[in-house]
Structure formats: C-alpha cells, structure tokens
Amino acid sequence: MNLNDFSDLLKQRLSRSLPGNAAHASLRATPVGSSLPLFSHTLAPRPGGVLILLYEQEGVLKFPLIKRPEYLGAHSGQVSLPGGKAEQGEDSIQAALREAEEEIGVNRMNLNVLGTLSDFFVVPSNFVVTPVVAMLLTAPVFVPDPYEVAKILHGSVDDLMQEGAIKEKEILAAGKYRMLAPHFDIEGEVVWGATAMMLNEFRMVLKDII
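These numbers were taken from a predicted model, which means no experiment stands behind them.

Asks: Break down the overall build of the protein chain for me, with residues and values.
Replies: In terms of regular secondary structure, the protein chain is built from five helices and twelve strands. Relative to a compact globule of 210 residues, whose C-alpha radius of gyration would be 17 Å, the protein chain shows 16 Å and is just as compact. With respect to the principal axes defined by its C-alpha atoms, the protein chain has extents near 50 × 40 × 30 Å. Every one of the 210 residues in the protein chain was classed for burial, and the buried ones make up 46%. For the protein chain, the exposed area adds up to about 10,600 Å²; of that, 51% sits on carbon and sulfur atoms. Measuring between centres, the 18 positive side-chain charges of the protein chain sit 6 Å from its 25 negative side-chain charges.

Written out as structure tokens, the structure is:
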C-alpha cells in the first residue's frame with residue numbers, strides 16, 4: 001500500500017466511531033501496594049492537543065516521541081507525544097500543530113491533518129487532550145527545543161503492531177508510587193500512562209486498515 005492510499009484509508013477510518021475508553025482501559029497502570037497517588041483539582045480541565053505525526057523513512061512508517069527533561073512536575077522525564085496546552089483562541093488541532101513546531105521543529109504548514117482520536121483526560125496535569133493524527137510526505141529534520149525536549153525517539157507503526165508489542169513491568173511513578181504499567185518499549189524507553197493509552201487507541205484504529 002502506498003503512502004497516499006494509506007493516508008486516505010486512515011482519514012476515512014478516523015471519521016468513524018473510535019474505540020475510545022475500550023482502548024485506554026487496557027493500558028491503564030494500576031497501583032502496587034497501599035501508597036496511591038491522589039489528585040485533587042479545583043479548576044476545570046484545560047484543553048490541549050498532542051500530535052501523532054506519521055512520516056515514511058526507508059520504507060518504514062514512523063512517528064516521533066519526545067522524552068521530557070527532569071523537572072519538578074507531574075511528567076518529569078516521561079516519554080510523550082509532542083504537544084501541550086491550547087492558547088487563547090486556539091482549538092486542540094491548532095495547539096498540537098503549534099506545540100509540535102515549537103518542540104521538535106516541524107513546519108506546521110507542511111502537515112496534512114487526517115483526523116483525531118478520542119479526547120483523553122490526563123488526570124495528573126488536569127488536561128483534556130485531543131490526539132491529532134497528521135502525515136508528513138517527506139522525512140523531517142527534527143530540531144528539538146532543548147528546554148522542553150531531552151531526547152527525540154523514533155517510534156514506528158511496526159513497534160505498535162507487532163505481536164507482543166504491549167509489555168508490562170513495575171515502575172516508580174513520580175519517584176515514589178509503585179505502579180504496574182502496561183507499556184510500549186520504544187528505543188529502550190518505557191512508554192506508559194496517557195501516551196501509551198492514546199497510542200493503543202491508534203493501534204486499534206490501524207488494525208482496521210492494515
């Protein structure tokens with residue numbers, strides 16, 4: 001299947017009913033022991049967007065992930081999709097494209113948006129995130145923002161679709177909470193939590209067209 005045909009099929013699939021919570025639930029981490037993370041928010045969730053950016057390189061369909069720097073925050077050192085909160089006047093798609101341009105240096109004007117996945121509530125940071133799926137017809141030259149990106153990972157559709165792609169291990173979240181985390185292993189990094197749940201929905205969508 002060539003890239004244009006694949007893009008057309010994926011765009012059509014994204015316009016139909018999505019797996020949503022059924023895909024998210026199976027990748028949700030569960031606490032180990034009695035020490036549980038508790039989150040209490042008094043404000044309404046903030047809107048945001050993340051980007052699943054597909055591109056072909058040497059015949060392999062890939063997408064970038066970013067590893068966050070270590071900092072005092074809910075997502076310190078974690079692997080995520082490029083993205084962030086929406087600024088005033090932006091919708092979630094515009095936010096995802098702008099944030100990806102700022103974080104990894106891809107020109108948003110060169111991206112072909114194919115659709116979106118289900119909105120996802122990221123509890124620790126109090127965001128409602130829309131995963132945006134887009135295609136880039138030429139292999140990108142990434143320019144990471146050193147303040148927001150410690151490392152760019154190069155995931156592939158094969159990473160998601162291969163048998164045994166979903167693994168499980170105990171991790172220490174926020175440096176103190178033991179969690180049993182279903183995850184994807186991408187370039188030796190554990191991709192878990194919200195990012196893994198969103199990627200699992202993407203994986204289930206891809207199964208309908210591949």
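Asks: Describe in detail helix 3 (residues 92-104), supporting the description with residues and values.
Replies: In this model, helix 3 (13 residues) spans 18 Å end to end at C-alpha, consistent with the 18 Å of a helix rising 1.5 Å per residue. Elements that come into contact with the buried residues of helix 3 comprise strand 2 (46-57), strand 3 (60-67), strand 5 (83-85), strand 6 (112-116), strand 8 (127-136) and strand 9 (151-156). Where helix 3 starts, the residue carrying a side-chain oxygen 3.1 Å from the main-chain nitrogen of Ile 93 turns out to be Asp 91.

Asks: Just give me the short version of the environment of Ala 194, but keep the residues and values in it.
Replies: Its place among the elements puts Ala 194 in helix 5 (residues 193-207). Along the backbone, Ala 194 and His 24 are 170 residues apart, and their C-alpha atoms lie at a distance of 8.2 Å. Contact partners of Ala 194, with chain neighbours within four places excluded, come to Phe 120 and Val 122.

Asks: Quick one: what's the story with helix 1 (residues 3-14), residue by residue and with numbers?
Replies: With twelve residues, helix 1 ought to run about 16 Å at 1.5 Å a step, and its terminal C-alpha atoms sit 16 Å apart, in line with that. Every buried residue of helix 1 is listed here: Leu 3, Phe 6, Ser 7, Leu 10, Arg 13 and Leu 14. The buried residues of helix 1 occupy an angular sector of 130 degrees when projected down its axis, which confines them to one face. As for helix 1, its buried residues are in contact with strand 2, strand 3, strand 6, strand 8 and helix 5. Where helix 1 begins, the side chain of Asn 2 points an oxygen toward the backbone nitrogen of Asn 4, at a separation of 3.1 Å.

Asks: Tell me what's going on with the nonpolar core, and back it up with residues and numbers.
Replies: Core analysis: the largest hydrophobic core is formed by 36 residues, its most contacted members being Leu 10, Leu 54, Leu 65, Val 133, Phe 184, Leu 199 and Phe 202. Elements supplying a minimum of two residues to this core: helix 1, strand 2, strand 3, strand 7 (120-122), strand 8, helix 4 (157-161), strand 11 (177-186) and helix 5. For this core, the element with the most residues is helix 5, which contributes seven residues. Among residues more than four places away in sequence, those in contact with Leu 65 are Val 79, Ser 80, Leu 81, Lys 151, Ile 152, Leu 153, Ile 186, Val 191, Thr 195 and Leu 199. Of all hydrophobic cores here, the second largest spans 16 residues; its members include Leu 53, Tyr 55, Ala 96 and Ile 104.

Asks: How would you sum up the pattern of salt bridges? Please name residues and give values.
Replies: Under the definition given, this model contains ten salt bridges. Of the charged contacts in the structure, one is a salt bridge between Glu 90 and Arg 98, with a shortest N-O distance of 2.6 Å. Residue classification places Arg 98 among the buried residues on the basis of a relative accessible area of 6%. Residues Arg 108 and Glu 101 are paired through a salt bridge, measuring 2.4 Å at the closest nitrogen-oxygen approach.

Thresholds applied
- Residues numbered from 1 in each chain as written.
- Predicted model: local features only at pLDDT ≥ 70, side-chain atom pairs only at ≥ 80, totals over all residues.
- Heavy atoms only, no water.
- Helix = DSSP H or I, 4+ residues; strand = E, 2+ residues; numbered from the N terminus.
- Rg over C-alpha atoms; globule rule 2.2 N^0.38 Å.
- Buried < 20%, exposed > 50% of the residue type's maximum accessible area, 1.4 Å probe, protein only.
- Areas by Shrake-Rupley, 256 points an atom, 1.4 Å probe, with all protein chains shown as cover.
- Lys, Arg positive; Asp, Glu negative; His and termini not counted.
- Charge placed at Lys NZ, Arg CZ, Asp CG, Glu CD.
- Expected span 1.5 Å × (residues − 1).
- Contact = heavy atoms within 4.5 Å.
- Polar contact = N/O pair within 3.5 Å; in protein donor to acceptor, adjacent residues only side chain to side chain.
- Arc of directions from axis to C-beta.
- Core = buried A, V, L, I, M, F, W, Y, C linked by side-chain atoms within 4.5 Å.
- Salt bridge = Lys/Arg side-chain N within 4 Å of Asp/Glu carboxyl O.

Bear in mind that shape data such as this cannot, by itself, settle questions of function.
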